[in-house]
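Each chain is listed here by its residues.
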Amino acid sequence: MKYRLLALITVTFLVSSCHRSLRIEHATTSTAVNDLLSAIQLAGDSTWVYLTDYFPDPTVIDSLSIPSPFQYRLSDDKAFLTLKVDNQSLPSLSTITVWAKGDGYCLLVRKNRKLPVTFTFDPQGKKVNSVQLAGQINDWNPSATNLKFDGKVYSTTMLLNPGKYHYQVVVDGKWMLDPENPISEDNGMGGYNSVLIVGNTNPDLLPKLIPFSVNGNRLEIKVTGDIDRLIVLWQNYMLHDKFIRVKDGYYEITIPDNARYYKRSQLRIWAHNQHGESNNLLIPLEGNRVVTSPSQLTRSDKHAQIMYFLLVDRFKNGNPNNDYKVDDPEVLPKANYFGGDLAGITQTIKDGYFTKLGINTIWLSPITQNPLGAWGLYPEPRTKFSGYHGYWPVSSSKIDFRFGSEAELNELIAEAHKRNMNVILDYVANHVHQDHPLYKQHPDWATSLYLPDGSLNTERWDEYRLTTWFDTFLPTLDLERPEVYEPMTDSALFWVTHYDLDGFRHDATKHIHENFWRRLTQKIKLTIPNKSVYQIGETYGSHELIASYIGSGMLDAQFDFNIYDASVAAFARTDYPFSKLDGALHQTFNYFGWINLMGYISGNQDRARFISYAGGALRFDEDAKKAGWTREIGVGDSSAYKKLCMLNAFNMTIPGVPTIYYGDEFGMPGGNDPDNRRMMKFDGLSSPEQQTLETVTKLVNIRRDNLAMVYGTFQTLLATDNIYAYLRKYFNNAAIVIFNKSNQERNIEIQLPDYLCDSALYPNFNSPYSKQNGNLKVTLKPYSFEILTSKLK
């Protein structure tokens, strides 16, 4: 183990008692901010920082302490900060201090990691009018990247973060693999893409942080690899020399005595060396002691959420008196209201369904008033649609009478809270229905339905993502403009102030200008500063696009569809290796952190059901929406139930917020919408459905009973075509998760890290195993998994 001089944390060997009491001098109990402040991501040599993201009221800011080599300029109103620096000269992580109301708040600054990459295309003497690129490098938007012709070849240079990217070349509008690049991969949906690898950092050279042991108000962090600097924050305060000492490869951290006045606070820890950044740690505290028991967690601990997404109309009919179908013969039954409502959800809460399953956060689909008539058109079979799903608002604050009343929503929330469950609401801000009073009064507040060339600006998801309409009767609001985002953020704020809701799932996040998100989050912090509000968005796109909406002044997280796509392919198909899934997961960690609040789904209302893909009832290369309309979609091969259990096991054991789409706890089949939105089934489950429900229930409760699943480190132990194993560790709690997705029984051998050699392991699913001298052997049946948990000696 080699240690270098730390820039801000100079390691000293202090002679003290084993439970020394130390305080942060500049940290009051009346803080200027209540949330954990996210890192500043440098854009390059010059970066614009919205200080209102961190301090909603910037007038509380006193001054800044910004070290060399940074140069900076603070705006007169203290709302904005410009940082200038030679990015290449920086270490991976730096810190600056913002002084506010007498306290010094530390902000982490993350170096820009982007590298120049040059693409070329040789037309081979043929006449070509345009060459473009489309892929994860630019969110599949060809118009964003046009190559220039120098008389011989087309070329362009882009700045990209290290990682793996799928892309294609678009020549005169025709999409193709890059003829200059021999590397291609299955895209997971029946086609192929060219693959670009940027950067060549060996992850083994990066430092690793492992929460090792706790003793009173002290904790030990094991560090592997060289480090140049360790950064430790309690809440948003830097812990300096006196709180940290090092011995024999372990860092001993003393929790500041200030923490004893907090029911919940957190330690955050990072390290870096010349090769890059370590994994991050988040350690919850109760008073000035580390949280070591799941019983200490509450519904305010966002990382401990296990979410359940239900479509209100398709869940349970608790009050037939509010049933109201659209009376139009052109609406087929699948596209009409089924009768589910808030009363039905409340009954399910009271019946204990969610409690038994282990759910602690319920995500409701939109419940605002939707139109009474039929809209839209599907060609074959010909049908119009009702607004049963809730995504066509004609009001932004009124509850749809078909779902219930204010009193019924209040009862639902109160009953959930009694059982330590959160309730978050799906909120639609991007668009309104054309009958919405806002659009009728202010039609100019919408973006244009037509593009300059006269074509319709509908479903242009990538090329015109901030202006495109979802349909001709759903005007997209121009939320870049204050006169538009001010009333719309007020409408969103209404739901978490008028009702005791715990947060939002935000629809169509990437189609909404960041001005809306910044203003909404600022209003939430200023209006209800002491309330824990969880905001998670929906964005299909690149890691960089998804990350651009996450941070202190915006959203807590987004659903990670890149991992969803990779996990569906890995668990449903035989030809998609676990090594790809592991690579995708590590790329996610690089963007969102190793301990994060991202949502990891079993499915959702816009995708065909996983189990129908896994069983072969649906093909990956077919139109799943059309399939759902034109034939009865079932499960297919019964092995699909085991594959669904593996997918749920994966979601329940990785960092983030696992999310079950209603019906995926037992294996509801279906094509794409509306076939993936069948009525929920509580009774009459088949034997494999009942067994799946029991397995998923057990998985959820394993996660709830093991802090390693929530706050633990993640370390890959093995990733091959068909075998995947990883370790989660949080102090004395460890978990080893192993998958076998082959159709054969496998004897799996894994070498454990040295710090686990003396641990006692217990299989939760009764797989045969043995452990000797740090060598773990486990026998797994086909399409199965095991979770071994331990209490270390």
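Counting starts from 1 at the beginning of each chain's written sequence and moves along it residue by residue. Totals for whole chains, interfaces and linings use every residue, but because this is a predicted model, local features are given only for residues with pLDDT of at least 70 and side-chain atom pairs only at 80 or more, for both listing and counting. Side-chain descriptors were evaluated using all non-hydrogen atoms of the structure, hydrogens and water having been removed beforehand.

## Looking at the overall build of the chain
At step 1: Secondary structure counts use DSSP, requiring at least four H or I residues in a row for a helix and at least two E residues in a row for a strand, with both numbered from the N terminus. When its secondary structure is counted, the chain shows 14 helices and 43 strands.
At step 2: For the chain, the C-alpha radius of gyration of 26 Å lies close to 28 Å, the compact-globule estimate for 793 residues.
At step 3: By principal-axis analysis of the C-alpha atoms, the chain measures approximately 85 × 65 × 60 Å.
At step 4: Throughout, exposure labels follow a simple rule: accessible area from a 1.4 Å probe, protein chains only, divided by the maximum for the residue type, with under 20% read as buried, over 50% as exposed, and the rest as partly exposed. Here the chain holds 793 residues, and the buried ones make up 60% of them.
At step 5: Considering only contacts within the chain whose residues lie at least 6 apart along the sequence, 72% involve residues at least 24 apart. Between the two quantities, the radius of gyration covers C-alpha atoms and the globule rule is 2.2 Å times the number of residues to the power 0.38. Only heavy atoms enter the contact rule, under which two residues are in contact if any of them lie within 4.5 Å.

## Regarding the pairing of strand β27 (residues 361-364)
At step 1: Burial of β27 is two-sided: the residues Thr 361 and Trp 363 facing one way and the residues Ile 362 and Leu 364 facing the other way are all buried.
At step 2: Each pair of strands is called paired provided DSSP finds at least two bridges between the two strands. In this structure, strand β26 (residues 307-310) lies alongside β27, joined through four bridges in parallel fashion. Paired with Leu 310 across the strands is Leu 364, a residue of β27.
At step 3: Inspection of the sheet shows β27 paired to strand β30 (residues 422-427) by four bridges, in the parallel sense.

## Describing the sheet that holds strand β10 (residues 148-149)
At step 1: The three strands are arranged β8-β11-β10 in an open sheet whose pairing can be described as antiparallel. The open sheet terminates on both sides in strands that have one partner only, identified here as β8 (115-121) and β10.
At step 2: Relative to strand β11 (residues 154-160), β10 runs antiparallel, the two sharing two bridges. Within β11, the residue paired with Lys 148 across the bridge is Ser 155.

## Observations regarding the sheet that holds strand β7 (residues 103-110)
At step 1: The four strands are arranged β1-β7-β6-β3 in an open sheet whose pairing can be described as mixed. With one partner strand each, in any of the chains shown, β1 (40-41) and β3 (61-65) form the two edges of the open sheet.
At step 2: Bridge count between β1 and β7: two bridges; the pairing is parallel. What sits directly across from Gln 41, in β7, is Arg 110.

## A short note on the packing of aromatic side chains
At step 1: The pairing test for Phe, Tyr and Trp rings, Trp by its six-membered ring, is centres within 6.5 Å, and the orientation test on the planes gives stacked under 30 degrees, edge-to-face over 60, and tilted for anything in between. Evaluation of the coordinates by the stated rule reveals 50 aromatic pairs.
At step 2: Ring centres of Tyr 308 and Phe 354 lie 5.2 Å apart, and the angle between their planes is 70°; this geometry places the pair in the edge-to-face category. Of this pair, Tyr 308 sits in strand β26 while Phe 354 sits in helix α2 (residues 353-357), and the two are 46 residues apart along the sequence. When sorted by exposure, Tyr 308 lands in the same class as Phe 354, which is buried.
At step 3: Ring plane angle 70° and centroid distance 4.8 Å describe the contact between Trp 461 and Phe 470, whose orientation is recorded as edge-to-face.
At step 4: By relative accessible area, Phe 470 is classed as partly exposed at 23%.
At step 5: Aromatic rings pair up to connect Phe 571, Phe 578, Phe 589, Trp 594, Phe 650, Phe 714, Tyr 724, Tyr 726, Phe 739, Phe 765 and Phe 785 into one cluster.
At step 6: Criterion for a charge above a ring: Lys NZ or Arg CZ within 6 Å of the ring centre, and within 35 degrees of the ring normal. Directly above the ring of Tyr 591 sits Arg 113, whose terminal nitrogen or CZ lies 5.8 Å from the centroid.

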